[in-house]
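Coordinate analysis (summary)
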Protein chains: 2
Amino acid sequence: MAAHRISDAVIRRLPGYYRYLRELEKVGITRISSQELGARMGLTASQIRQDINCFGTLGQQGYGYNVAELRAHIGGILGLGRKYEMVIAGAGNIGQAVAWYPGFSQRGFSPAAMFDVKPDLIGRVIRGVPVYNVTELRAFLEEHPADIGVIATPARVAQQVAQQMIEGGVRALWNFAPIDLKVPEGVVANNVHLTDSLLVLTYRLHQMEAREEAAPQNNLDA
Amino acid sequence: MAAHRISDAVIRRLPGYYRYLRELEKVGITRISSQELGARMGLTASQIRQDINCFGTLGQQGYGYNVAELRAHIGGILGLGRKYEMVIAGAGNIGQAVAWYPGFSQRGFSPAAMFDVKPDLIGRVIRGVPVYNVTELRAFLEEHPADIGVIATPARVAQQVAQQMIEGGVRALWNFAPIDLKVPEGVVANNVHLTDSLLVLTYRLHQMEAREEAAPQNNLDA
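In this report, the structure presented in the accompanying data block is examined. (Residues numbered from 1 in each chain as written. Chains lettered and ligands numbered in written order. Predicted model: local features only at pLDDT ≥ 70, side-chain atom pairs only at ≥ 80, totals over all residues. Heavy atoms only, no water.)

The partner chain A presents 62 residues to the 62 residues of chain B that form the contact. When the two sides are added together, the surface that chain B and chain A hide from each other amounts to roughly 5700 Å², 63% of it contributed by carbon and sulfur. If you sort the residues of chain B by the area they bury against chain A, Asn93, Leu201 and Tyr203 of chain B come out on top, with a joint share of 12%. Seen at the junction of chain B and chain A, the total is eight salt bridges. Where Glu209 of chain B meets Arg82 of chain A, a salt bridge forms, and the shortest distance between an N and an O atom there is 3.3 Å. Remark: the boundary between chain B and chain A carries 22 residue pairs in polar contact (both at pLDDT 80 or more). The leading source of residues in the side of chain B that touches chain A is helix α8 (residues 194-214) of chain B, at 18 residues. Across the side of chain B that touches chain A, the residue classes break down as 38 nonpolar, 13 polar and eleven charged. (Contact = heavy atoms within 4.5 Å. Buried area = accessible area lost by both parts, 1.4 Å probe. Salt bridge = Lys/Arg side-chain N within 4 Å of Asp/Glu carboxyl O. Polar contact = N/O pair within 3.5 Å; in protein donor to acceptor, adjacent residues only side chain to side chain. Helix = DSSP H or I, 4+ residues; strand = E, 2+ residues; numbered from the N terminus. Nonpolar A, V, L, I, M, F, W, Y, C, P; charged D, E, K, R; others polar.)

What follows is about the sheet that holds strand β8 (residues 172-175) of chain B. All names here are of chain B. The strand order β5-β6-β4-β3-β7-β8-β9 describes an open sheet built from seven strands, whose pairing is mixed. The open sheet is flanked by β5 (125-126) and β9 (188-191), the only strands paired with a single partner. Here four bridges tie strand β7 (residues 148-151) to β8, and the two strands are oriented parallel to one another. Residue pairing across strands places Ile151 opposite Asn175, the latter belonging to β8. (Pairing = 2+ DSSP bridges.)

Looking now at the pairing of β7 of chain B. Residues and elements named next belong to chain B. Alternating positions in β7 separate into two faces, Ile148 and Val150 on one and Gly149 and Ile151 on the other, with burial throughout. Sheet topology note: the strand β3 (residues 84-89)/β7 ladder contains four bridges and is parallel. Its bridge partner lying in β7, Ile88 is registered against Val150. Taken together, β7, helix α7 (residues 155-167) and β8 constitute a β-α-β crossover, and its handedness is right-handed. (Buried < 20%, exposed > 50% of the residue type's maximum accessible area, 1.4 Å probe, protein only. Right-handed = clockwise from strand over helix to strand, strands pointing away.)

For the rest of this paragraph, the subject is the relation of the copies chain B and chain A. Screw-axis analysis of chain B against chain A gives a translation of 0.0 Å along the axis, an RMSD of 0.0 Å, and a rotation angle of 180°. Put plainly, the chains are arranged around a two-fold axis. Considering only C-alpha atoms, the residue of chain B closest to the rotation axis is Asn93 of chain B, which sits at 2.3 Å. (Least-squares fit on C-alpha atoms with pLDDT ≥ 70 in both.)

Let us now look at empty space enclosed by the protein. For the structure on display, the rule yields one cavity of 30 Å³ or more. Looking at the largest cavity, its volume works out to about 40 Å³. As for the largest cavity, its lining consists of Ile94, Ala97, Val98, Phe176 and Leu194 of chain A together with Ile94, Phe176 and Leu194 of chain B. For the lining of the largest cavity, the element with the highest residue contribution is helix α5 (residues 93-99) of chain A, accounting for three residues. Taken together, the residues of the lining of the largest cavity sort by class into eight nonpolar, no polar and no charged. (1 Å grid on protein atoms, 1.4 Å probe; cavity = no way out; pocket = protein on both sides within 12 Å on 5 of 7 lines; lining within 4 Å. Points joined across faces, edges and corners; volume = space filled by probe spheres on them.)

This brings us to the packing of aromatic side chains. This structure, assessed with the given rule, holds 16 aromatic pairs over all chains. Seen from their ring centres, Phe104 of chain A and Phe109 of chain A are 5.7 Å apart, and the 55° between their planes marks the pair as tilted. The exposure classification of Phe104 of chain A matches that of Phe109 of chain A, with both residues buried. Pairing Tyr84 of chain B with Phe109 of chain B gives two aromatic rings, centres 5.4 Å apart and planes at 20°, and the pair type is stacked. Taken together, the residues Tyr84 of chain B in strand β3 and Phe109 of chain B in strand β4 (residues 109-116) connect sequence positions 25 residues apart. Neither Tyr84 of chain B nor Phe109 of chain B differs from the other in exposure class; each is buried. By way of ring pairs, the aromatic residues Tyr84, Tyr101, Phe104, Phe109, Trp174 and Phe176 of chain A are connected into one cluster. For Arg127 of chain A, the ring lying beneath its charged end belongs to Trp100 of chain A, and the centroid distance is 3.7 Å. (Phe/Tyr/Trp six-rings, centres within 6.5 Å; stacked < 30°, edge-to-face > 60°. Lys NZ or Arg CZ within 6 Å of the ring centre and 35° of its normal.)

Structure (structure tokens):
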């Protein structure tokens, strides 16, 4: 059952639903109303109902949602429930963080190898993941097909490394280099721009400060 | 000139505008049409015009936008053009990646210190940033007020560390721990869930594969 016509905004919220439903399952909650789920997620009950209606008819009026069922359903839409082999280009901080991110393995993500150009990294095994020379990436992919390629290299080589991964049969790229990767038809990419999320934070801080200046409250005198 | 009533979707796109406009400036482009900017950013010209109308009247019909002016204007909305002192809790891979992220310093972000619990990290200076015991966080903030607190700790201590930062006067939290931080009025937080962006990628891969199964193309025979 493919989920057609789900808007980008809902897609962005899907992983959050999955995360919250997992938490509920962990603490033994089996059923939840749209009100309760909304309160936890910072959304309105009507938003929750609208979103969930987008991806099927689950839950009955007045009975709330079956947590395990909804989590499994959303997991299915997200493509979970199978194993994803990963290769990671760039064995620096970001590459290493991805290689052993807590909870990845239990969701089916399996980092097979990291690739780098630095002699002091090549040949090491970092938290169970071997680091090879990036010149071996193509040959490695011939032997070990991978589903997901992680790009954690400097920006100037990111597109080139992506190209090698694509030629090696990788069809999904998770990119941390500060550029927007160009990918051909038949390949998907998600660009994570860490600076972008920092700038959303400074935006909010700046707006909050502007509001405070416009309507000063003498907190110090309270 | 505060930017009121900008929708969340536009706010999320603002850092992207800033990034693309910086790139244009770097390569010496001084003026750009909504068509050209849209083509680069993967947005329609009308989307670009709508977005830019949200935050002021810049550019004239037929003349395009002045790149430097628009970049400066968006930078102002994002709260750039000042210095932000940062403290980083958690000196692991994510904390270290943030501490020396390329381009941070030129945008005004200055990591003052990292804090950790691991004896082998405490006392070290990693790429110019000292690592202190997390027990010293509050005292450090008394002496060195910080604008932004980065949470790169395990999930189980993230809320507690956030609390200490808030008590120490930090008003903006950039959180990488896989929980949604709760913050009081007068504090802003942005939660970066790396797994969420990976699941958006598996969603797209899964949808692409489902479409291919529904309408197979014999690429191999081509």
